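# Structure at a glance
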Amino acid sequence: MEILIKPILTEKMTAQGEKLNRYGFIVDPRANKLQIRTAVEQMYNVVVTDVNTMKYLGKAKSRYTKAGLVRGRTNNVKKAIVTLKEGDTIDFYSNI
């Protein structure tokens, strides 16, 4: 099971990274806080002090096609906000 799916690179999360040393990730919905902590520490070689998680239900969506109205739902998502030890940082743009 891959714990970390992708980082959240929004304006709001970038501001939190600079001010509060917090970084966001989209994670596997089955992952718990301890698994998220170890995955971030191993991948980025930092010390994690706190992990906050939140689960989002996928949005219901519909569209009109030749076959008529098609209804569906986007995937459920779990986000994790990780607070790092003072002095540690994660640079998502370093390997571009």
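This report concerns the structure included in the present document. (Residues numbered from 1 in each chain as written. Predicted model: local features only at pLDDT ≥ 70, side-chain atom pairs only at ≥ 80, totals over all residues. Heavy atoms only, no water.)

## Structural notes on the pattern of salt bridges
Evaluation of the coordinates by the stated rule reveals 1 salt bridge. Across the salt bridge formed by Arg 30 and Asp 28, the nearest N and O atoms sit 3.0 Å from each other. Among the residues examined, Asp 28 registers a relative accessible area of 10% and is labelled buried. (Salt bridge = Lys/Arg side-chain N within 4 Å of Asp/Glu carboxyl O. Buried < 20%, exposed > 50% of the residue type's maximum accessible area, 1.4 Å probe, protein only.)

## Let's talk about the packing of aromatic side chains
For the structure shown, the criterion picks out 1 aromatic pair. Here the aromatic rings of Phe 25 and Tyr 44 are separated by 5.8 Å at their centres, their planes lie at 35 degrees, and the arrangement is tilted. Within this pair, whereas Phe 25 is found in strand β2 (residues 22-27), its partner Tyr 44 is found in helix α2 (residues 33-44), the two being separated by 19 residues in sequence. For Phe 25, a relative accessible area of 1% puts it in the buried group. (Phe/Tyr/Trp six-rings, centres within 6.5 Å; stacked < 30°, edge-to-face > 60°. Helix = DSSP H or I, 4+ residues; strand = E, 2+ residues; numbered from the N terminus.)

## Side note on the sheet that holds strand β6 (residues 77-84)
One open sheet accounts for 4 strands, arranged β1-β2-β6-β3; its pairing is antiparallel. Either end of the sheet is taken by a strand with one partner, and the two such strands are β1 (4-7) and β3 (48-56). When strand polarity is set aside, the average angle formed by the axes of neighbouring strands in this sheet is 30 degrees. Examined bridge by bridge, β1 and β2 share 3 bridges and lie antiparallel to one another. Following the sheet pairing, Lys 6 is matched in β2 by Ile 26. Relative to the sheet, helix α1 (residues 11-19) contacts β2 and β6, its axis offset from that of β2 by approximately 135 degrees. Strands in contact with α2 are β1, β2, β3 and β6; relative to β3, the strand with the most contacts, it is inclined by about 120 degrees. (Pairing = 2+ DSSP bridges. Axes fitted to C-alpha atoms, helices over the stretch in contact; angles between N-to-C directions. Contact = heavy atoms within 4.5 Å.)

## So, the nonpolar core
Counting residues in hydrophobic clusters, the biggest one holds 17 residues, and the most contacted among them are Phe 25, Ile 36, Val 40, Val 82, Leu 84 and Ile 90. Breaking this core down by element, the ones donating at least two residues are β2, α2, β3 and β6. (Core = buried A, V, L, I, M, F, W, Y, C linked by side-chain atoms within 4.5 Å.)

## Some points on the pairing of β6
Along β6, 6 of the 8 residues are buried, which leaves the element largely enclosed by surrounding structure. Sheet topology places β3 next to β6; 8 bridges connect them, and they run antiparallel. Within β6, the position partnered with Lys 55 by the bridge is Lys 78.

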